[in-house]
Amino acid sequence: MAQPRYHLDGSSDDSEGFEGPDAYLDGEDRDIELEIGNDDLSPVRGSRTTISQLLHSLFELQNSDSSRPVAQPDDSVDGRLEPGTLTFGDILRLSRSGGTAYSVDEFDEEEEEEDDDDYDDDYFTATRHGSVPWHEQWLPPHREPQREGLELLRGGEFGRVTSYFKAKKGIRNISRIFLDRSSRRIGPEREELAGDFIPNSNGIAVASHPANLYVGQFSKDSSFYYTCSQNFHLYVYDMTAPPSSYTGQRRGARRPVTSHWDTNDRDHETTLKVLKTIEGRQGSWTITDSHLSPNNERIIYSSITPIVYMTTTLDSSSAQTPIRFADQNRRNNFGIWSCRFSADGNEVIAGGSGHIFVYNLPANRKTVEIVAHADDVNSCCWADSTSGNVLVSASDDTFLKVWDRRSLGASRKPSGVLVGHTEGITNVSAKGDGRYIISNGKDQALRLWDLRKMKGSDEFDRLPQRNYRAPGYDYRYGHYPKPRRSAHPDDCSVMTYRGHAVLRTLVRCNFSPTETTGSKYIYSGSADGKIHIWSLDGRVVQVLDRAATLPMSYYSSGPEMQPPKRSRTAVCVRDVSWSSTEPVMMSVGWDDSRTGGSIVARHEWKGLSKMSYSLEDWTEKQRAEGNSSRIPEQYMFEVKSPKRPVGRFLEFIATMTVTDDTDAQLFGFPPGYFVIRSLATGRVWDVSADAVEDGTEVILWPEKEHSLIESLRNPDANNQVFFIDTSGALCSRASGHAIDVEDVERLVLRHRRPISKPYPNAYSHPLPQLSYNPKTREISVTFAQNPEYPQPRNTSSAWRRKTYVLSAVPMPKPRSLVDDASTFITSAVAAPLSFFSGSKNVSPKATPEDVFSGEIDLAEDEVLEQDRGEEGEADDSPELIRRLRVITIDPGDPQPEGINARRRRQWEILTLRTTPAQRRV
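What counts and how
- Throughout this description, residue numbers start from 1 for each chain and increase along the sequence as written.
- In keeping with the model being predicted, local features are shown solely for residues with a pLDDT of at least 70 and side-chain atom pairs are shown and tallied solely at 80 or more, while totals for entire chains, interfaces and linings include all residues.
- Only hydrogens and water are removed before side-chain values are computed, so all heavy atoms of the structure are retained for them.
- For this analysis, a salt bridge means a side-chain nitrogen from Lys or Arg found within 4 Å of a carboxyl oxygen belonging to Asp or Glu.
- Only DSSP runs of H or I reaching four residues or more are called helices, and only runs of E reaching two or more are called strands; each is numbered from the N terminus.
- Each residue is assigned to one of three classes by its accessible area relative to the maximum for its type, calculated with a 1.4 Å probe on protein chains only: buried under 20%, partly exposed between the two thresholds, exposed over 50%.
- A pair of strands is considered paired only if DSSP assigns at least 2 bridges between the two.
- Every axis corresponds to a line fitted to the C-alpha atoms, with the helix fit spanning only the stretch in contact, and the corresponding angles, defined between N-to-C directions, vary from 0 to 180 degrees.
- Whenever a pair of cysteine sulfur atoms sits within 2.5 Å, that pair is classed as a disulfide.
- Two rings from Phe, Tyr or Trp (for Trp, the six-membered ring) form a pair when their centres are within 6.5 Å of each other. A pair whose planes differ by under 30 degrees is stacked, one over 60 is edge-to-face, and the rest are tilted.
- Look at NZ for Lys and CZ for Arg. If either is within 6 Å of the ring centre and within 35 degrees of the ring normal, a charge sits over the ring.
- Take the buried Ala, Val, Leu, Ile, Met, Phe, Trp, Tyr and Cys residues and link them wherever side-chain atoms come within 4.5 Å; each set so joined is a nonpolar core.
- Only four residue types enter the charge count, namely Lys and Arg as positive and Asp and Glu as negative; His and the chain termini do not.
- In this analysis, two residues are considered to be in contact whenever any of their non-hydrogen atoms come within 4.5 Å of each other.

Caption draft 1: The arrangement of the pattern of salt bridges in detail. Within this structure, the stated rule accounts for 41 salt bridges. One salt bridge connects K413 with D458, and the closest N-O pair in it is separated by 3.9 Å. A residue pair is termed long-range when its members are at least 10 positions apart, and K413 in the loop between β18 (400-404) and β19 (416-418) and D458 in helix α9 (residues 457-461) qualify at 45 residues. On the basis of relative accessible area, K413 is assigned to the partly exposed category, the value being 46%.

See below:
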């Protein structure tokens, strides 16, 4: 049977059996036949190809004549491939079968049996915990480029085609682009330079709000950013200047003479410049949608009422103009969910409660009202950003309908219908060219549509069945039932993108900016707290985790750091916006902790120099860590079987003697200079205040210099560099002094001192030995004498049986006024009562029983590691410093159960080198 030929417009010669991408959940979607170039990727029915056969064919193919035509596999044989007959389709079949010898027929049969199961009782909660997320198990995202997406990338409608072919050939060198512009009449395009720069950082908080934010968008020129919150406040932020340093503000509300709390700015903190604060009119529940006029001077917002309000964005005026969509002569109990300005700014389109409205601003009257959908209209947009003639509405009835503005009042039927979603649609967004739009659905699918492939109104009316929604499903409860179908049987969408969670709220989606990326990326928020970015070909190219967003005290454009280790609360990302001038995203996330509210985060594109390592550093680090973890184990035993096949490196190690004095004096540390980083906090060892005085404490501090190449490092960062001297002592590079342990807990610098009697004493004693275990990544301390000074009179050797390990100390946020309110009230009431009762208000001395019973507060570095509860695990203080302590472990003490406690004891050794790592050519 001849394969149908696909054209660039998406049509095919054999279109009768085509039901759209991902039409069903059975085995058919796994047997999609891709067509890339002239390769025939159709699977061979009945063949059983194993990994060994494919590898054998690959090796034989290297020696075969490239000019010889490749023979097609023969169905008559037993599936064994002849040398030189390996095709890309064979590799594709192997990847689908997971390396087993299953045939395609067997695989389809198993999938069809699984599809017959009922789904009524199968629910997966949308949570980050669990072995396999439900969206990965039922609706996995694409791992390979899809044919439809590749055709769009090559078609020229989504950015420059030359950049796509250069990327395919591996040409991504920006310096080469600048060097080549001398041969051009016009310099490189902006998209050619910034098209591949995708925001890759988990973000830093730039604003916090006491209420949930439902909208957060850039202006068209990205000069400002605005948010709309559930308490009906709108904030406009200046984006022309970078965020300022976080200083914090005193919390608490002001109580005016009217006895009403003034909550305008209470609990609103930001490092951005606030251009304007708009106190919106009270509506129903929240502000659901907003939109800027084409000149960015006006803004409209809806709040599930029949009135949409319009106000200015940048001037000082507080006037708000109501746009009333309700009729005065009849009762109206509907609400507006979405609103949009027209292309010329003279009309407002609104949708809600199944209706679509058009309001003429100069005439100050409603001109169009039609019943468009059978359910709520959650979102609407203009397909063309220039003319504003084509309107798209998205509804909970699972359909998108396309309307011609020029005939909107005369005809009650849409120009076309987009069919594909099986659940309600939360948001629709347009590319702006009048052809392509995307939509987010409660069926956990983001779909790309071509308006030229929509179904006509008459064709839609003839559909035998339209409703394929799951009975009883409500997306607000955070779970999604197992679907029978992944798409409507009459799906006319072009592409489907998966991996995110469209739950709890109307999650939004958008195209990437045309100015910098050519709209070749698609991105969306998600109820799982992540931002998902897809390439147009269907693959997920970036996932940003809002749970790892850093507090406002961090520098947004600085190096990417590990987030503070605290109890991770779930975050729901409703809206995301991508700047049209730079690779920066802004996202709004709902905090599910007890305090609630929302955090606005700024996500930037950061190069490898800001992502902790350069490419050479990362390669060298991986190689060094692999070698350092293997070498010590080879010293512990000898190779008993010389006939055992081992590599050259292992043979060399086996011939080495265990009595190597140089390696024996390193105590697990590498030779030369190195940096010690905490796996729990991301901070590194640092000699406090860059001091060299005796007794200066060693602390944890953010890394000052990220390069591991000696010639590229800043000498001011030498106080974060250490080495092992010839005596085996761990020393600081900046001062050359050794590291000592003071009071059996703190690491300090120690100058060389003469022996004084009685020896040993606190002033003069043997230096402890610090050792690193590459396998457990723990740093232990070995004392030559009892570390307690003055020495106890008894000669007990109990200290020898103890283990001393280094650990980072978590630092929670300081207590607020609200936390201390109960203590203050108790003390204020107790003092007068004690006076009348005649008792003396004298604080008793603390006893050991009081301390162990928890009645006495200890400092964070005084709490035993095994005594920390859940509150003690919090490490969310905005302070940059963290303490470093020596933990004493008795032989009977249990191992730490929490992962945070274990990671606080683990360290990473980063070796400095004199030359960069060699690049692979």
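Caption draft 2: Quick peek at the sheet that holds strand β22 (residues 446-450). In space, the 4 strands of this open sheet follow the order β20-β21-β22-β24, with antiparallel pairing throughout. The open sheet is flanked by β20 (425-430) and β24 (495-497), the only strands paired with a single partner. Across the sheet, the mean angle separating the axes of adjacent strands is 20 degrees when strand polarity is ignored.

Caption draft 3: Examining the sheet that holds strand β30 (residues 584-591) more closely. The antiparallel open sheet is built from 5 strands, whose spatial order is β6-β2-β31-β30-β29. At either margin of the open sheet sits one strand with a lone partner, and together these are β6 (269-270) and β29 (571-578). Relative to strand β31 (residues 598-604), β30 is paired through 7 bridges, and the arrangement is antiparallel. Across the sheet, M586 pairs through a bridge with R602, a residue of β31.

Caption draft 4: Fine view of helix α5 (residues 147-155). With 7 of 9 residues buried, α5 is to be regarded as a mostly interior element. Within α5, burial applies to R147, E148, G149, L150, E151, L152 and L153.

Caption draft 5: Structural view of unusual backbone geometry. The omega angle of the peptide bond from Y759 to P760 is 0 degrees, so this bond is cis rather than trans. Positionally, P760 belongs in the loop between β38 (746-750) and β39 (769-773). The backbone phi angle of F232 is positive, close to 65 degrees, even though this residue is not glycine. With respect to the secondary-structure elements, F232 resides in the loop between β4 (224-229) and β5 (233-238). The exposure class of F232 is buried, given its relative accessible area of 5%.

Caption draft 6: Molecular detail of the environment of P814. With respect to the helices and strands, the residue P814 is situated in the loop between β41 (803-809) and α14 (821-837). Put simply, P814 and P878 are 64 residues apart on the chain and 9.4 Å apart in space, counted from C-alpha to C-alpha.

Caption draft 7: The state of the cysteines, seen in detail. Applying the stated criterion to the full structure yields 0 disulfides. Of the cysteine sulfurs around C380, a residue in no disulfide, the closest is that of C381, at 7.3 Å.

Caption draft 8: The arrangement of the packing of aromatic side chains in detail. Inspection of the entire model under this criterion finds 21 aromatic pairs. Between F158 and Y436 the ring centres are 4.9 Å apart and the planes differ by 55 degrees, which places this aromatic pair in the tilted class. Of this pair, F158 sits in the loop between α5 and α6 (161-168) while Y436 is found in strand β21 (residues 436-441), placing the two residues 278 residues apart along the sequence. Neither F158 nor Y436 differs from the other in exposure class; each is buried. Ring centres of Y473 and Y480 lie 5.1 Å apart, and the angle between their planes is 70 degrees; on these two criteria the pair is classed as edge-to-face. The exposure class assigned to Y480 is buried, which follows from its relative accessible area of 2%. Members of the aromatic cluster, connected to one another through ring pairs, are F325, F334, F357 and Y359. Residue placement shows R466 over the ring face of F460; its charged tip is 4.2 Å from the ring centre. One residue, R733, lies across the ring of Y673, its end atom 3.9 Å from the ring centre.

Caption draft 9: Main features of the pairing of β30. The buried count for β30 comes to 7 of 8 residues, which makes it a mostly enclosed element. The sheet contact formed by β29 and β30 spans 7 bridges and is antiparallel. Paired with D575 across the two strands is V588, which belongs to β30. Counting the residues that bridge the hairpin from β29 to β30 gives 5 residues.

Caption draft 10: Spotlight on the nonpolar core. Counting 28 residues, the largest nonpolar core has I676, W685, L730, L747, I779, L806 and W907 as its most contacted members. Among the nonpolar cores identified, the runner-up in size contains 27 residues, and Y214, Y480, L503 and W590 belong to it.

Caption draft 11: Here's a closer look at the side chain of K401. Mapped onto the secondary structure, K401 falls in strand β18. One buried charged residue, K401, forms no salt bridge at all, with the nearest opposite charge on D397 at 4.8 Å. Not counting residues up to four positions away in its chain, the partners in contact with K401 are A372, H373, L391, V392, S393, P414, G416 and V417.

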